[in-house]
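Notes for the structure review
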Amino acid sequence: MGVVTGEIEVASVLPPAKMFKASVLDADQLFPKIMSQAIKSAELIEGDGGAGSIRKVNLVEDDTYMKQKVDALDKENFVHCYTIFEGGMLANKFEKISYETKWESSSDGGSIFKSTVKFYTLPGFDVPGENLINKAKEKTAVMVKAVEAYLQAN
């Protein structure tokens, strides 16, 4: 098994508390509305949303799903760590994909979303790490901007 690691940063004009609440705490209700091209539904299937909880996200692409385990949730410091451990996006290529995310204040009054993503590849699967990281960066930027636009409009 190999591990491909990448760092992602996306700026937002909104403060970290607002972005964290929408993108993490309210994600199950918000993402199917604002990212309906990618997410059908999301629901907590085990736990209370904190560490150890399991969430199932039903995706539009290939009519598949993913299950995520919350590894850590720190509401005061805007930290959310989770691992995708089951579902179509692993596609016999990955054992799991883990994310360590944090919203930080920026000097202009907005925020910066920072994430470390780790792709744990299965034996025999070799993929250029740069491709994985670039796709993750693109999807993250779309998510941040969708949340930001929704919050600005509502």
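Structure: see above.
Here is a short report on the structure shown in this document.

Quick look at the sheet that holds strand 6 (residues 94-105)
- Reading across from one edge, 1-7-6-5-4-3-2 is the order of the seven strands in this open sheet, with antiparallel pairing throughout. One side of each edge strand has no neighbouring strand; the edge strands of this open sheet are strand 1 (2-12) and strand 2 (39-46). If you compare each strand with its neighbour and ignore which way they point, the axes differ by 20° on average.
- One ladder, built from eight bridges, connects strand 4 (residues 65-74) with strand 5 (residues 79-87); its direction is antiparallel. By the bridge assignment for strand 5, Asp74 is matched with Val79.
- Those strands touched by helix 1 (residues 16-25) are strand 1, strand 4, strand 5, strand 6 and strand 7 (111-121), and its axis lies near 155° from that of strand 6.

Topic: the packing of aromatic side chains
- Across all of its chains, the model carries five aromatic pairs by this definition.
- Each ring, one from Phe94 and one from Phe119, has its centre 5.5 Å from the other, and the planes form 45°; the classification is tilted. Taken together, the positions of Phe94 in strand 6 and Phe119 in strand 7 put the pair 25 residues apart, joining distant regions of the chain. As far as burial versus exposure is concerned, Phe94 and Phe119 are alike and both buried.
- An angle of 80° between the planes, with centres 5.6 Å apart, marks the rings of Phe94 and Phe125 as edge-to-face. Highlighted residues: Phe94 in strand 6 and Phe125 in the loop between strand 7 and helix 3 (129-153), separated in sequence by 31 residues.

Quick word on helix 2 (residues 27-34)
- In terms of burial, helix 2 is largely enclosed, as six of its eight residues are buried.
- Regarding helix 2, the residues found buried are Ala27, Asp28, Leu30, Phe31, Pro32 and Ile34.

Some details on the nonpolar core
- Core analysis: the biggest nonpolar cluster contains 37 residues, and Phe31, Ile97, Val117, Phe119 and Val147 have the highest contact counts within it.
- Per-element accounting of this core gives the leading share, eight residues, to helix 3.
- If we skip the residues at most four places from it in the chain, Phe31 touches Ala22, Ser23, Ser36, Ile39, Met143 and Val147.

Observations concerning the side chain of Glu148
- Summarising the element assignment, Glu148 is placed in helix 3.
- When its relative accessible area of 8% is taken as the criterion, Glu148 is described as buried.
- One polar contact links Glu148 to Ser12, side chain to side chain, over a distance of 2.7 Å.

Some words on the environment of His80
- The residue His80 is located in strand 5 in this model.
- Linking His80 and Leu151, residues 71 residues apart in sequence, is a C-alpha distance of 20 Å.
- Those residues in contact with His80 that sit more than four places away from it in its chain are Phe20, Val24, Val70, Ala72, Leu73, Tyr99, Glu100 and Thr101.

Comments concerning the pattern of salt bridges
- Counting across every chain of the model gives five salt bridges.
- Note that Lys67 and Glu86 form a salt bridge whose closest N and O atoms lie 3.5 Å from each other. Pair noted here: Lys67 is in strand 4 and Glu86 is in strand 5, with a separation of 19 residues, a long-range link.

Things to note about the pairing of strand 7
- The element strand 7 is extensively covered by neighbouring structure, given that eight of its 11 residues are classed as buried.
- Sheet topology note: the strand 1/strand 7 ladder contains 11 bridges and is antiparallel. Within strand 7, the position partnered with Glu7 by the bridge is Thr116.
- Both strand 6 and strand 7 contribute to a ladder of 11 bridges, which runs antiparallel. Bridge pairing links Tyr99 to Val117 in strand 7.

Thresholds applied
All chains use their own residue numbering, which begins from 1 and follows the written sequence. In keeping with the model being predicted, local features are shown solely for residues with a pLDDT of at least 70 and side-chain atom pairs are shown and tallied solely at 80 or more, while totals for entire chains, interfaces and linings include all residues. Side-chain numbers come from the whole structure's heavy atoms, not from hydrogens or water. Paired strands, in this sense, are two strands between which DSSP finds at least two bridges. The way it works is that DSSP assigns letters per residue, a run of H or I at least four long becomes a helix, a run of E at least two long becomes a strand, and they are numbered from the N terminus. Note on geometry: axes are lines fitted to C-alpha atoms, helical ones only across the stretch in contact, with angles between N-to-C directions running from 0 to 180 degrees. In what follows, a contact means two residues having at least one pair of non-hydrogen atoms within 4.5 Å. Within 6.5 Å between ring centres, the rings of Phe, Tyr and Trp (the latter by its six-membered ring) count as paired, and their orientation is classed by plane angle as stacked under 30 degrees, edge-to-face over 60, tilted in between. Relative accessibility under 20% of the residue-type maximum defines a buried residue, over 50% an exposed one, and the middle range a partly exposed one, all with a 1.4 Å probe and only protein chains included. Definition used in this section: a nonpolar core is a set of buried Ala, Val, Leu, Ile, Met, Phe, Trp, Tyr and Cys residues joined via side-chain atoms within 4.5 Å. Under this definition, polar contacts are N or O atom pairs within 3.5 Å; protein pairs additionally need one hydrogen-donor-capable and one acceptor-capable atom, and for neighbouring residues in sequence, both atoms have to be side-chain atoms. Think of a salt bridge as a Lys or Arg side-chain nitrogen and an Asp or Glu carboxyl oxygen that are within 4 Å of each other.

Read these as layout, nothing more, since geometry by itself doesn't imply function.
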